[in-house]
Amino acid sequence: EALLANLQASAIHAQQYGSVKQGSISDIQNSQNLLQSLANCWSVTASSSGLTVPQQNTALSNVHIANDSITALEARITIFNNEITRANAAIAKLEQFQTGALAAATKAEIDSIAASFQTARNAGTIMSQADVTTAQQDRTALQGEMSSLNQTTNSQITQCYAFAN
């Protein structure tokens, strides 16, 4: 009974952890979409026939800067996707432990599953409540960072619209 309760609690932690990491991806993607709007604005501006060559060069440079920012954020999404994969693997392992515990016919079998579960927890392959809390704190920090980036990007979009007008 206690083992099954611990396995279920750990499965919930892994699900929460994955969910927080997915939320972090969404936060970054929202910022990427805004940066794409900025890149598009500068691209349209750069192709405007009324610009001088230096103005066109400035606009093209700003397209590249926005695109580089999008690419840099994509690398962070890859890391979060890897963390989600890790959470999914933990859930699969926990389901395997639960199936084994339910099928166990002897105390020795239960003890073996409990030992394997503890080994996985000690190795960090099973998420704990502390892991969920850290992920939530990291996401809060990320949201602050993305909010700041979005403010800057919105300001740059306004500058783009005003450029050479």
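Look a little higher up for the structure.
An account of the accompanying structure is given in this report. If you're wondering where the values come from, they're calculated on a predicted model, not measured in any experiment.

1. Side note on the packing of helix 1 (residues 2-46) against helix 4 (residues 129-162)
It is at 9 Å that the axes of helix 1 and helix 4 come closest, and there the two elements cross at 10°. With respect to helix 4, the element helix 1 is oriented roughly parallel. Here the contact of helix 1 with helix 4 is composed, by residue class, of 16 nonpolar, 15 polar and four charged.

2. Here we look at the packing of aromatic side chains
This structure, assessed with the given rule, holds two aromatic pairs. Seen from their ring centres, tryptophan 42 and phenylalanine 163 are 5.1 Å apart, and the 75° between their planes marks the pair as edge-to-face. Taken as a pair, tryptophan 42 in helix 1 and phenylalanine 163 in the segment after helix 4 lie far apart in primary sequence, 121 residues in all. Tryptophan 42 sits in the buried class, given a relative accessible area of 5%.

3. Things to note about the pattern of salt bridges
Enumeration over the complete set of coordinates arrives at four salt bridges. One salt bridge in this structure joins arginine 76 and glutamate 145, with 2.7 Å as the shortest N-O distance. Placement of the pair is arginine 76 in helix 2 (residues 53-103) and glutamate 145 in helix 4, with a sequence separation of 69 residues. For arginine 76, a relative accessible area of 28% puts it in the partly exposed group. The exposure class assigned to glutamate 145 is partly exposed, which follows from its relative accessible area of 37%. For glutamate 83, the salt bridge is made with arginine 86, and the minimal N-O distance between the two is 3.3 Å. Remark: arginine 86 and glutamate 83 occur in helix 2; sequence separation between them is three residues, near one turn of the helix. Residue arginine 86 is classed as partly exposed on the basis of its relative accessible area of 29%.

4. What about the nonpolar core?
Core analysis: the biggest nonpolar cluster contains 21 residues, and Ile28, Leu38 and Trp42 have the highest contact counts within it. Counting residues per element, the ones that place at least two in this core are helix 1, helix 2 and helix 4. If one sorts the elements of this core by residue count, helix 1 sits on top with nine residues. Beyond its immediate stretch of four places on either side in the chain, leucine 38 contacts Ala66, Thr153, Gln156 and Ile157. In terms of nonpolar packing, the next biggest core, distinct from the first, is built from 19 residues, Ile91, Phe117, Ala120 and Ala135 among them.

Criteria and cut-off values
Residues numbered from 1 in each chain as written. Predicted model: local features only at pLDDT ≥ 70, side-chain atom pairs only at ≥ 80, totals over all residues. Heavy atoms only, no water. Axes fitted to C-alpha atoms, helices over the stretch in contact; angles between N-to-C directions. Helix = DSSP H or I, 4+ residues; strand = E, 2+ residues; numbered from the N terminus. Parallel < 35°, antiparallel > 145°, perpendicular 65-115°, else oblique. Nonpolar A, V, L, I, M, F, W, Y, C, P; charged D, E, K, R; others polar. Phe/Tyr/Trp six-rings, centres within 6.5 Å; stacked < 30°, edge-to-face > 60°. Buried < 20%, exposed > 50% of the residue type's maximum accessible area, 1.4 Å probe, protein only. Salt bridge = Lys/Arg side-chain N within 4 Å of Asp/Glu carboxyl O. Core = buried A, V, L, I, M, F, W, Y, C linked by side-chain atoms within 4.5 Å. Contact = heavy atoms within 4.5 Å.

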